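Examination of the molecular architecture
Spelled out from the first residue to the last, the chains are:
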Amino acid sequence: TDFERGFIRADVVKYDDLEVMIELNAKRTRDEIIAQYIALRKEKGYTQEDIAKATKIARPNVARIESGKNSPTIEVLTKLAHALDMQLELRFVEKV
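The following refers to the structure shown.

Definitions and limits used
Residues numbered from 1 in each chain as written. Predicted model: local features only at pLDDT ≥ 70, side-chain atom pairs only at ≥ 80, totals over all residues. Heavy atoms only, no water. Helix = DSSP H or I, 4+ residues; strand = E, 2+ residues; numbered from the N terminus. Polar contact = N/O pair within 3.5 Å; in protein donor to acceptor, adjacent residues only side chain to side chain. Axes fitted to C-alpha atoms, helices over the stretch in contact; angles between N-to-C directions. Parallel < 35°, antiparallel > 145°, perpendicular 65-115°, else oblique. Left-handed = near helix turned anticlockwise from the far one by under 90°. Contact = heavy atoms within 4.5 Å. Nonpolar A, V, L, I, M, F, W, Y, C, P; charged D, E, K, R; others polar. Buried < 20%, exposed > 50% of the residue type's maximum accessible area, 1.4 Å probe, protein only. Salt bridge = Lys/Arg side-chain N within 4 Å of Asp/Glu carboxyl O.

Moving on to the environment of E89. Within the secondary structure layout, E89 lies in the segment after α4 (74-83). In this structure the C-alpha to C-alpha distance between E89 and L77, which are twelve residues apart in sequence, comes to 9.9 Å. At a separation of 3.5 Å, a polar atom in the side chain of E89 contacts the side chain of R91.

Glancing now at the packing of helix α2 (residues 48-55) against α4. Between α2 and α4, the shortest axis-to-axis distance is 9 Å and the interhelical angle comes to 110°. With respect to α4, the axis of α2 lies roughly perpendicular. Here α2 and α4 pass one another in a crossing that is right-handed. Residues I51, A54 and T55 of α2 form the contact with α4, whose participating residues are K79, L80 and A83. Split by residue class, the contact of α2 with α4 holds four nonpolar, one polar and one charged.

Turning next to the packing of helix α1 (residues 18-43) against helix α3 (residues 59-67). In a pair of packed helices, the angle between the axes and the distance between the axes together describe the arrangement. The contact between α1 and α3 brings their axes to 9 Å, and the two run at 125°. Put simply, α1 runs oblique to α3. Each of I34, Y37, I38 and R41 in α1 lies in contact with α3, whose residues at this interface are V62, I65 and E66. Residue composition of the contact of α1 with α3, by class: five nonpolar, no polar and two charged.

The next subject is unusual backbone geometry. Peptide bonds are trans in most cases, and residues, glycine excluded, mostly fall at negative phi. Backbone geometry at K56 places phi at a positive 60°, although glycine is not the residue there. Within the fold, K56 resides in the loop between α2 and α3. Judged by relative accessible area, which is 75%, K56 ranks as exposed. In this structure, D85 is a non-glycine residue whose phi angle is positive, near 60°. Tracing the backbone through its elements, the reader meets D85 in the segment after α4.

Let's shift gears to the pattern of salt bridges. The full count for this structure, using the stated rule, is five salt bridges. With its nearest N and O atoms 2.6 Å apart, the salt bridge here joins K27 to D31. Of this pair, K27 and D31 both sit in helix α1, four residues apart, which is roughly one turn of that helix. Judged by its relative accessible area of 39%, D31 falls in the partly exposed class. For E32, the salt bridge goes to R28, with nearest N and O atoms at 3.3 Å. With a gap of four residues between them, E32 and R28 both fall in helix α1, about one helical turn apart. A relative accessible area of 18% means that R28 is categorised as buried.

By themselves, these figures tell us nothing about what the structure is for.
In structure tokens form, the structure reads like this:
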């Protein structure tokens, strides 16, 4: 189901507060992006220190991003992608 996949839909989960639904979907998207970044970083054999040096982001901040304590901006995500020799792609998609 959508709920099991972590996607919250207003017509499936009855929230009176649209802001709650939006925040839950934002958290899911953020978590997916960070999980993908971490998997790529490890796959490529990079440490947090390697990423910190390549992006000029302090290593503790890289760790905070990876742990979910800090939410990265699009600019920071772009730096992380560049450090992994990747390109960041954001796009709008139709609701399912």
